[in-house]
Structures are given as structure tokens and as C-alpha cells.
Amino acid sequence: MIKTVRLTAAQAMIRYIAAQKNEEGEAIIAGCWAIFGHGNVAGLGEALHGAKAYFPTWRGHNEQTMAHAAIAYAKQLGRKRTMMVSSSIGPGATNMVTAAALAHVNRLPVLLVPGDVFANRGPDPVLQQIEDFGDGTVSANDVFRPVTRYFDRISRPEHLLTALPRAFRILTDPADCGPVCLAFCQDVQAEAFDYPVSFFEPKIWRQRRIRPDLAELAAMAEAIKSAKRPVIVAGGGVHYSGASETLRRFAEAHNIPVTETQAGKSALPWDHPLNLGPIGVTGGEPANAVCAEADLILGVGTRFQDFTTGSWGLFAHPDRRIACLNVAAYDASKHNALPLLADARIGLSELSKALETFRVAAGVEGLKAAWFAAVDPLTEAPGGDGLPTDMQVIGAVQRASTEETVVICAAGSMPGELHKLWKSTRPMSYHMEYGFSCMGYEIAGAMGIKMAQPVRDVICFTGDGTYMMANSEMATAAMMGISFTVVVTDNRGYACINRLQMNTGGAEFNNLLEHTIHQQPSDIDFAAHAASMGARSVKVSSIAELEAALAKRGEVNGPYVIVIDTDPYPSSEPGGTWWDVGVPEVSERTQVTAARAAYEAKKASQRTD
């Protein structure tokens with residue numbers, strides 16, 4: 001006779017989730033962010049209240065930003081833990097779609113549990129229900145299907161017996177990792193069922209270390225041995241595998257230089273002799289110059305995003321071979337790359353053994369010295385009048401940083417400047433969401449990082465534009481006493497896109513606030529706004545005042561916001577490569593015509609295989 005326990009479906013879900021552990025014995029799901037409404041308040045709300053002694057529930061202010069906090073938490077912990085996020089049906093659920101897409105692009109785990117319509121269809125159509133005139137099974141939650149790695153609709157209590165194990169397989173699988181959506185019909189949440197007691201026994205989900213296929217390993221080793229100028233492109237998979245030290249040993253043993261993507265930055269210390277730094281559109285001259293001359297590009301844990309490859313113009317030479325060591329077959333084979341399907345740590349270790357004593361003869365001495373001689377002055381405090389630049393703000397934060405500092409950013413002007421200029425000293429000290437580059441991730445993300453690693457000194461870079469997109473979790477952080485620093489660079493608009501508009505021949509239009517339709521100039525007091533949500537805040541007028549304000553951050557309990565006006569036009573010119581942004585073929589503007597001609601020339605050299 002199978003021993004059973006009678007629970008509601010919602011109670012069963014929470015009991016099962018709380019019993020799932022990682023290899024360190026920690027709960028994989030650290031707790032639940034929830035905004036209650038009809039669709040989750042009665043069923044899941046009651047279940048979460050009953051479990052509050054061992055499974056915490058946090059209350060946020062926006063479903064999207066709650067999910068961003070959960071995703072940042074998972075990213076900072078190398079995908080070993082994550083959080084659950086629950087919403088009502090309708091707009092509460094669809095608010096999370098952007099966050100689901102962000103997690104999907106970045107291969108990060110998050111468990112989304114939106115309420116859903118009544119399975120029994122008794123009150124059909126229920127409040128906030130989307131009605132598909134041709135399909136009675138569709139609800140608003142179907143929009144999660146293309147942006148999650150696993151989607152299920154729980155329309156019977158016993159569905160949990162199969163859906164939950166499948167969900168955790170995705171959340172913990174190194175290759176398939178990503179967001180999961182379990183759309184939970186609200187009447188089913190409240191229904192009782194006799195569940196097997198064994199279903200709730202604690203389970204440990206171990207990180208699968210995929211070992212390389214011997215034939216692929218031999219082919220990769222032969223390709224490297226045949227190369228005279230190989231270079232490594234280190235991506236986020238290096239961090240998720242815990243392979244930073246293995247990468248260092250591999251590079252040193254075989255004298256192969258390393259470049260870093262946005263997700264891979266901090267894989268090696270910035271001053272390691274073989275670390276050539278950032279690659280691609282937001283990259284530097286050392287990395288891009290070596291990649292342009294390389295005969296073999298070896299990606300490790302990278303998905304070869306267009307910013308990394310310069311829209312495949314950086315790797316365009318027909319004699320240049322591309323190889324990729326990746327845990328996901330989808331990424332390992334992009335652009336006809338020679339694949340090595342393996343965990344980064346295991347794969348690099350076994351590849352090094354296969355290479356034996358092989359070492360690249362040529363060195364890369366002098367490249368970094370010349371690069372820093374060119375860009376370091378950009379980060380120095382200004383000596384004259386005028387608004388400071390983003391680069392000077394970065395310099396001030398860099399000088400104030402410590403070994404415990406984690407910098408976070410996601411969109412706007414700062415990602416490009418940080419990729420080029422920030423000097424990371426240890427793994428996971430650079431937290432950039434540049435897969436989806438989602439405006440509004442930063443503040444919630446900073447909160448998630450601090451929840452993941454309370455001892456870290458978290459500094460969030462955000463522009464005025466992205467601050468306005470999503471700032472509500474500042475109030476959550478203040479309420480919960482979660483301490484981090486936010487540096488708001490106010491350039492009065494979307495300066496990054498304004499520069500892109502100008503660079504493609506366009507007139508300045510609808511990006512900076514002064515170029516928009518308005519009756520009076522915009523004058524937002526960001527320091528006062530942050531203070532109104534409970535943050536301690538200050539407006540500074542110079543780099544010296546910024547440094548003085550940063551020096552006080554250790555005295556603040558809760559979020560600390562420093563606002564500084566910056567010049568919207570300057571950016572660091574050296575280093576970057578072409579980025580494919582479509583330019584109109586026909587225009588009355590001569591600037592657009594000239595930009596189109598330059599675009600066609602670059603397009604002709606783009607790799608297409």
C-alpha cells in the first residue's frame with residue numbers, strides 16, 4: 001500500500017519545491033517572490049503562508065522586476081540556486097514575459113508560477129481572461145511558450161507528479177538551463193489530492209559534468225595543434241562551470257591568449273598577461289586585433305552573440321577556423337564551428353591533456369600596455385569645466401572599489417564603457433546582463449545579487465532612461481534593508497541610442513529629452529525620487545563629490561543612490577568593431593546616404609557560412 005498525504009495542489013507544489021537541494025545541500029529554490037491577486041492569492045497564497053517558516057515569501061512591487069531579482073540571484077550564484085516568482089493571471093502574468101525572455105537568452109534558471117484560468121471553466125470568462133475565438137485552451141500564459149525552456153499548464157492536481165520533476169530537470173541541467181513556466185489553474189491550486197509521501201522526500205540535483213566525445217576531442221586538439229595564432233573567446237559558461245582556474249591553467253600551459261565576452265568578463269584577472277580583455281563591438285584593440293589575425297577562434301562557453309563577433313565581421317576571413325567548446329550542442333555548432341560538446345571545466349582539462357606539450361610560439365607582449373596607455377586617461381577626473389563623461393564616472397567607481405565589489409549593469413551607455421574599461425580582479429565581480437540588454441534590470445538585479453551574496457559590495461550603474469523604466473524594487477530593498485549602491489548617470493535621455501542614430505546618418509530625434517515633443521523641459525529629481533522610496537540619496541556635481549559620496553556607502557543600511565549629471569555625447573572611441581545595424585537605402589539626408597555606403601562595404605565582408 002502506497003503511503004499518501006492529502007494536500008491541495010498548491011501545498012504539494014511548495015512542499016516538493018522546498019525539498020529539492022543542490023550538491024551543497026542548499027534549497028535550489030531559495031524562496032518565492034509574489035504579488036497576490038485573483039489567480040494565486042487563495043491557493044498559492046495559503047500554501048506559502050503555511051510554509052513561511054522554511055520557505056520565505058517576499059513581496060515586490062512589479063512582477064517583471066521581481067523576476068529580474070530572481071534571475072540576478074541565480075546568475076551571481078553560478079546557476080546553483082534560483083527563486084520562484086508567482087503572479088495573478090492576466091497582466092500580472094504577462095508582466096513576467098520580458099523577464100522570461102531575459103532568462104531564456106542568458107541561459108539562466110527561474111521558476112515562474114503565474115495563476116491561470118479555471119480548469120473547470122465554470123466562471124468562463126474569468127476576470128482578465130484572454131479569449132481566443134478559435135482555441136478554447138489558450139490563456140494569456142501561452143505567451144510564455146516561446147520564451148521558456150519548459151512550459152506546462154497544471155490543470156489537474158496530479159499533473160504535479162510529472163511537471164515538477166521535469167521543471168527541475170530544466171532548472172538544473174547545464175545544457176537546457178533556462179526559465180520554467182508552470183501556469184497554475186486557480187481552481188486546481190485549491191483542489192486536494194492524495195499524493196505519495198515519497199514524492200516529497202528530499203532530492204539532490206547534481207551538476208552534470210558532460211565529458212567530451214573522444215572523436216570530437218581528438219579533432220579539436222588537432223585543430224589547435226595545427227594553428228599558429230589561436231585565441232580563446234571566454235563566455236559566461238566559464239563562470240557557470242566554475243572553470244576560471246582551469247581556463248587560466250590551460251592558457252598558461254599552451255600560451256594561448258584569452259579574450260572575454262560581456263558574460264565572460266572577469267573569468268581571468270584583468271592584469272593576467274594572457275588576458276587581452278574585451279572582444280567585439282564593445283571590445284578593446286588588443287583582443288580585436290589578435291582575433292582579426294587569428295587562424296583559430298576557440299569559443300569556450302560562449303553563444304557567439306553579434307556583439308562578440310562584430311556581427312560576424314570580426315571572424316570573416318575564409319581561412320579562419322571557428323571552434324567551440326560548449327555544454328549545449330546548439331551553441332557549439334554555430335556558423336559551422338568545430339564542436340566539442342563538454343562542460344567547460346572538464347573539457348578544458350581533457351583538451352589540455354590531449355595537447356600535451358603544445359605551446360603557441362608567438363606572444364602578445366606590449367598590446368595591453370599600449371591599450372591602457374590610450375584608455376586609462378579617459379577615466380581620470382576632469383580638470384576643467386563641463387559635465388563629466390561616463391568614462392570618468394567609471395574611473396571614480398573603480399578607484400572606490402574593493403576586492404568585494406560587484407558591478408552590475410544591463411543597458412544604455414555604460415555596458416560598452418564598462419566592458420572596455422572596468423578592471424575585474426576576481427570571477428563573478430562583473431555582472432552584466434547583455435544577452436537581452438534589458439532596461440530596468442539593474443536595480444532589481446542589484447537587489448538579487450546582494451541577496452545571493454550579502455558580503456559583497458554591490459554597485460549598480462544605471463542611466464536616467466533605464467532608471468525610469470523600472471525603479472520600484474528600490475522601495476522593496478529599503479523595506480527589507482538590502483544594501484547596495486546605485487550610481488545614476490543622468491544624461492537626459494537615451495544617449496547611447498542617440499549616438500547610434502547619429503552614427504547611422506540620422507538626425508537627433510526622439511532619444512534625448514530635448515529632441516522629443518514637449519511643452520516644458522524635463523527636470524526629474526532622481527535623488528528626491530529615490531529618497532521618497534526609502535533610499536538614502538545624494539546629488540553630486542563633480543567627480544570629486546562622487547568619490548566622496550562613494551566613500552560613505554559603507555555607512556548606509558539599505559539602498560544608497562548617487563546621482564550625477566553626465567555629458568550624453570562622448571564615448572571611448574578605441575577598440576570596437578563593426579555592428580550590423582540596418583541603414584536606409586534611400587533617404588533625403590546626405591548623412592544617411594554616406595552611412596549606407598559604409599554599411600554596404602562592411603556588409604560585404606560579413607561571414608555568412
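Data block above holds the structure.
What comes next concerns the included structure. What you see is a predicted model; the values in this text were computed from it and never measured.

Looking now at the overall build of the chain. When helices and strands are tallied, the chain shows 24 helices and 22 strands. In terms of overall size, the chain behaves like a compact globule, its C-alpha atoms giving a radius of gyration of 25 Å where 609 residues would be expected to give roughly 25 Å. Counting only C-alpha atoms and orienting by the principal axes, one finds that the chain spans roughly 70 × 65 × 55 Å. Across the 609 residues of the chain, 58% fall into the buried class. Excluding contacts between residues fewer than 6 apart, the proportion of contacts in the chain whose partners are at least 24 apart in sequence is 77%. Looking at the chain as shown, the accessible area adds up to about 24500 Å², and 53% of this sits on carbon and sulfur atoms. Positive and negative side-chain charges in the chain, numbering 54 and 64 respectively, have mean positions lying 7 Å apart.

The next thing to look at is the packing of aromatic side chains. Summed over the entire model, instances satisfying the criterion amount to 16 aromatic pairs. Centroid distance Phe304 to Phe315: 6.1 Å. Interplanar angle 80 degrees. Geometry classified as edge-to-face. Of this pair, Phe304 sits in the loop between strand 14 (296–300) and helix 12 (306–309) while Phe315 is found in the loop between helix 12 and strand 15 (321–326), placing the two residues eleven residues apart along the sequence. Note on Phe315: relative accessible area 0%, which makes it buried. Members of the aromatic cluster, each reached through a chain of ring pairs, are Tyr16, Phe168, Phe193, Tyr195, Phe199, Phe200 and Trp205. Of note, Lys265 hangs over the ring of Tyr430, and the distance from its end group to the ring centre comes to 5.4 Å.

This part is about the sheet that holds strand 22 (residues 559–565). Ordered in space as 18-17-19-20-22-21, the six strands form an open sheet in which the pairing is parallel. Where the open sheet ends on each side, the last strands, each with one partner, are strand 18 (430–432) and strand 21 (536–540). If you compare each strand with its neighbour and ignore which way they point, the axes differ by 20 degrees on average. With five bridges connecting them, strand 19 (residues 457–463) and strand 20 (residues 484–490) associate as parallel partners. Bridge assignment links Ile459 to a residue of strand 20, and that residue is Thr485. Here helix 17 (residues 414–421) sits on the sheet and contacts strand 17 (405–409), strand 18, strand 19 and strand 20; the angle it forms with strand 18, its principal contact strand, is near 150 degrees. Sitting on the sheet, helix 23 (residues 543–550) is in contact with strand 20, strand 21 and strand 22, with an inclination near 175 degrees to strand 22.

As a further point, take the pattern of salt bridges. One pass over the structure, following the stated rule, counts 27 salt bridges. Ionic pairing is found between Asp194 and Arg6, a salt bridge with its closest N-O pair at 3.2 Å. Taken as a pair, Asp194 in strand 9 (residues 192–196) and Arg6 in strand 1 (residues 4–8) lie far apart in primary sequence, 188 residues in all. According to the relative accessible area criterion, Asp194 is partly exposed, its value standing at 40%. According to the relative accessible area criterion, Arg6 is exposed, its value standing at 55%. Residues joined in a network through salt bridges with shared partners are Arg149, Arg169, Asp173, Asp176 and Arg208.

Below, the discussion takes up the pairing of strand 16 (residues 338–341). Covered by surrounding structure in strand 16 are Leu338 and Leu340 only, the residues Pro339 and Leu341 on the alternate face being uncovered. One ladder, built from four bridges, connects strand 15 with strand 16; its direction is parallel. Across the sheet, Asn326 pairs through a bridge with Leu341, a residue of strand 16.

Between helix 1 (residues 9–18) and helix 6 (residues 160–172), the shortest axis-to-axis distance is 11 Å and the interhelical angle comes to 35 degrees. The two elements helix 1 and helix 6 meet at a crossing, and its hand is right-handed. Of helix 6, the residues touching helix 1 (which contributes Ala9, Ala12, Met13, Tyr16 and Ile17) are Leu160, Leu164, Pro165 and Phe168. Partitioned by chemical class, the residues of the contact of helix 1 with helix 6 number nine nonpolar, no polar and no charged.

As for its placement among the helices and strands, Arg15 is situated in helix 1. A relative accessible area of 36% places Arg15 in the partly exposed class. Each C-alpha atom of the pair Arg15 and His104 lies 26 Å from the other, and the pair is 89 residues apart in sequence. Apart from residues no more than four positions distant in its own chain, Arg15 is found in contact with Val5, Leu7 and Phe200.

Here we take up the pairing of strand 11 (residues 230–234). On any regular strand, side chains alternate: one points to one face of the sheet, the next to the other face. For strand 11, a buried count of five out of five residues is recorded, marking the element as mostly surrounded by other parts of the structure. Covered by surrounding structure in strand 11 are Pro230, Ile232 and Ala234 together with Val231 and Val233, the residues of both alternating faces. In this structure, strand 11 lies alongside strand 14, joined through five bridges in parallel fashion. Each residue of the ladder has a partner; that of Pro230, found in strand 14, is Leu296. With three bridges joining them, strand 11 and strand 12 (residues 258–260) adopt parallel strand pairing. Bridge pairing in strand 12 places Ile232 opposite Val258.

Let's shift gears to the sheet that holds strand 6 (residues 110–116). Pairing is parallel across the open sheet formed by six strands, whose spatial order is 4-3-5-6-8-7. The strands lining the two open edges of the sheet, one partner per strand, are strand 4 (57–58) and strand 7 (150–154). In this sheet, strand 5 (residues 82–87) lies alongside strand 3 (residues 29–34) in parallel orientation, the contact comprising four bridges. For Cys32, the partnering residue across the bridge sits in strand 5 and is Met84. On the sheet, helix 2 (residues 43–50) packs against strand 3, strand 4, strand 5, strand 6 and strand 8 (179–185) and is oriented at approximately 140 degrees with respect to strand 5.

Formed by 60 residues in total, the largest nonpolar core has its most connected members in Trp33, Val85, Phe144 and Phe484. Formed by 39 residues, the second largest nonpolar core is a distinct cluster that contains Tyr16, Ile17, Phe184 and Trp205.

Each value, and the rule that gives it
In this convention, every chain numbers its residues from 1, walking through the sequence in written order. This being a predicted model, a pLDDT of at least 70 is required before a residue's local features are given, and a value of 80 or more before pairs of side-chain atoms are given or counted; all residues contribute to the totals for chains, interfaces and linings. Just so you know, side-chain values use all the structure's heavy atoms and leave hydrogens and water out. Only DSSP runs of H or I reaching four residues or more are called helices, and only runs of E reaching two or more are called strands; each is numbered from the N terminus. Throughout, radius of gyration means the C-alpha value; the globule benchmark is 2.2 Å times the number of residues raised to the power 0.38. Exposure categories follow from relative accessible area, calculated using a 1.4 Å probe and restricted to protein chains: below 20% of the type maximum is buried, above 50% is exposed, and the middle band is partly exposed. For this analysis, residues touch if any pair of their heavy atoms sits within 4.5 Å. For every accessible area listed, the method is Shrake-Rupley and the probe measures 1.4 Å; residues are considered covered only by the protein chains on display. His residues and chain termini do not enter the charge count, which takes Lys and Arg as positive and Asp and Glu as negative. One atom stands in for each charge, and that atom is NZ of Lys, CZ of Arg, CG of Asp or CD of Glu. Classification of ring pairs uses Phe, Tyr and Trp, with its six-membered ring standing for Trp, and accepts pairs whose centres are within 6.5 Å; under 30 degrees between planes counts as stacked, over 60 as edge-to-face, and the remaining range as tilted. Think of it as a cone above the ring: NZ of Lys or CZ of Arg counts as a charge over the ring if it is within 6 Å of the ring centre and within 35 degrees of the ring normal. Any two strands are treated as partners once DSSP identifies two or more bridges connecting them. Note on geometry: axes are C-alpha line fits, over the in-contact stretch for helices, and angles between N-to-C directions span 0 to 180 degrees. The working definition used for a salt bridge is a side-chain nitrogen of Lys or Arg within 4 Å of a carboxyl oxygen of Asp or Glu. Crossings are assigned a handedness: left-handed for a near helix turned anticlockwise from the far helix by less than a right angle, right-handed for a clockwise turn. All residues other than Ala, Val, Leu, Ile, Met, Phe, Trp, Tyr, Cys, Pro, Asp, Glu, Lys and Arg, Gly among them, are scored as polar; the first ten of these are nonpolar and the last four charged. As used here, the term nonpolar core means buried Ala, Val, Leu, Ile, Met, Phe, Trp, Tyr and Cys residues forming a set that is joined through side-chain atoms within 4.5 Å.

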